[in-house]
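Overview (structure and organization)
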Amino acid sequence: MSERESATLSHDPGPDVGGRRAQAVEDAAVEPIATPGGSVVRVGTASWTDPTMTAAGVFYPVGTDTAEERLQYYASRFTVVEVDATYYALPARRTAELWVERTPPDFLFDVKAHALLTGQPTETRRLPKALRDALPTDVAAKPRLYAKDLPAELRNAVWDAFRDGVEPLATAGQLGAVFLQYPRWFFTSSENRDAIVEAAERLAPLRVAVEFRNATWFNEKNLERTLRFLTDRAIPLVMVDEPQGLKSSVPPIVATTSPQLAVVRFHGRRVETWEARGIPVVERFRYLYQRNELAEWVPRIRRVAAEARDTHVLMNNCYANYGSTNARELAALLLEPLEG
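Throughout what follows, the structure given in this document is the object of discussion. (Residues numbered from 1 in each chain as written. Predicted model: local features only at pLDDT ≥ 70, side-chain atom pairs only at ≥ 80, totals over all residues. Heavy atoms only, no water.)

**Here we look at the nonpolar core**
The cut-off we apply is this: What makes a nonpolar core is a set of buried Ala, Val, Leu, Ile, Met, Phe, Trp, Tyr and Cys residues whose side-chain atoms join them at distances within 4.5 Å. Classification of residues uses two cut-offs on accessible area relative to the type maximum, computed with a 1.4 Å probe and protein chains only: under 20% is buried, over 50% is exposed, and between them is partly exposed. What makes two residues a contact is simply this: any of their non-hydrogen atoms within 4.5 Å.
Grouped together as the largest cluster of nonpolar side chains are 93 residues, with contacts concentrated most on Trp48, Tyr74, Phe109, Ile196, Phe212, Phe266 and Leu330. If we ignore the near neighbours within four places in the chain, the residues touching Leu330 are Phe266, Leu294, Val298, Ile301, Val313 and Met315. With six residues, the next largest nonpolar core counts Val282, Tyr319, Ala320 and Tyr322 among its residues.

**Considerations on the packing of aromatic side chains**
Note the following rule: For Phe, Tyr and Trp, where Trp contributes only its six-membered ring, two rings pair if their centres lie within 6.5 Å, and the inter-plane angle classes them as stacked under 30 degrees, edge-to-face over 60, or tilted in between. By definition, any uninterrupted DSSP run of H or I lasting at least four residues is a helix, any uninterrupted run of E lasting at least two residues is a strand, and each is numbered from the N terminus.
Applying the stated criterion to the full structure yields 21 aromatic pairs. Note on Phe59 and Tyr74: the rings are 6.3 Å apart at their centroids and 55° apart in plane angle, and the pair reads as tilted. Of this pair, Phe59 sits in the loop between α3 (51–54) and α4 (67–77) while Tyr74 sits in helix α4, and the two are 15 residues apart along the sequence. Here Phe59 matches Tyr74 in class, with each residue buried.

**Quick notes on empty space enclosed by the protein**
What counts, and what does not: Only protein atoms enter the 1 Å grid, on which a cavity is a set of points fitting a 1.4 Å probe that cannot get out and a pocket is an open set with protein on both sides within 12 Å along at least 5 of 7 lines, lining residues being those with an atom within 4 Å of a point. Grid points are joined across faces, edges and corners, and a volume is the space filled by probe spheres set on the points. The classification used treats Ala, Val, Leu, Ile, Met, Phe, Trp, Tyr, Cys and Pro as nonpolar, Asp, Glu, Lys and Arg as charged, and all other residues, Gly among them, as polar.
Considering all chains together, one arrives at one cavity of 30 Å³ or more under this definition. In this structure, the largest cavity spans a volume of roughly 30 Å³. Taken together, Phe212, Phe218, Leu237, Val238, Met239, Val240, Val250, Pro251 and Ile253 make up the lining of the largest cavity. Of the residues assigned to the lining of the largest cavity, the class counts are nine nonpolar, no polar and no charged.

**Looking at unusual backbone geometry**
Between Ala204 and the following residue, Pro205, the backbone shows a cis peptide bond with an omega angle of 10°. Looking at the element boundaries, Pro205 is found in the loop between α10 (190–203) and β8 (208–211). A positive phi is found at Ala320, a non-glycine position, where the angle reads about 50°. Mapped onto the fold, Ala320 is located in the loop between β11 (310–315) and α16 (322–339).

**What to know about the pairing of β11**
The criterion, for reference: In this description, strands pair whenever DSSP reports at least two bridges between them.
Most of β11 is tucked away: six of the six residues are buried. Covered by surrounding structure in β11 are Asp310, His312 and Leu314 together with Thr311, Val313 and Met315, the residues of both alternating faces. Bridge analysis of strand β2 (residues 40–45) against β11 gives six bridges, and the strand direction is parallel. Across the sheet, Thr45 pairs through a bridge with Met315, a residue of β11.

**Thoughts on the pairing of strand β10 (residues 261–266)**
Burial runs high along β10: six of the six residues are buried. Here β10 shows two buried faces, one formed by Leu261, Val263 and Arg265 and the other by Ala262, Val264 and Phe266. Across six bridges, the pairing between β10 and β11 is parallel. Paired with Ala262 across the strands is Thr311, a residue of β11.

Shown next as structure tokens:
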């Protein structure tokens, strides 16, 4: 077996291996992790509904088949989850109400902003019917559209619909933050900084956090400016672990830019799929971290947790049980110093 094949196997060994690893740390992320300084760290995943995760015997107990049962079970094992579905379709208020009903009052949802809110395209057919019916004829004919394609009143309606959809979470105190994930073509510029400010203002008083997918924000010329820009507005930077050495790679910058919240997202380190086109999203993040790779982040997370009231750590490597296993393993590593 070649070195490359061996490395691939160690990071994609299959859900049976992931399940066995999880057994040793099954309860590690059940409660928020309290730090010596009085802050809290929550560890969870970026999905609870991916088909590879809901497959029989992978993460959920046999017989946990309904949406209600799955969320209730997930919320019994973790204290936070990221909602990615809201990126693809504007959230429905009733759905958020059900999430509140099905989870403990201290369970938190981090919600990804809809694509149109961060300058990205959406499928026209996924817009709510009322919005589709109001589209100009030429725009309605497009299979995909951008916010810039919409008249001002419909752009405003999109923002209003998103806010209304997550309002039940906010009212219940269960909305962690809205994640503004900007695309790879969103490079550093005054115009784009203004776009971030506008988004934060439109969503206020909801808390937002910003993730960049373009490394120009962190090059030698712009790093200090980027961190100062976010810090001055108390907007959390979403810190990332992802493949390095590629054109689209963003470095694992560790910085607390808000005293209220720090966020870390783990995307896996699967280099060969990171920039691939035409593959399922779950394949891009199909990567099971090894313990030593997670351990690299323990001092970093402890550092930001000492500077922010709340820290959310989310595993986006949501193939099968890879994300849930790594979330438990990382929580166990974070607990070790407290137990020693």
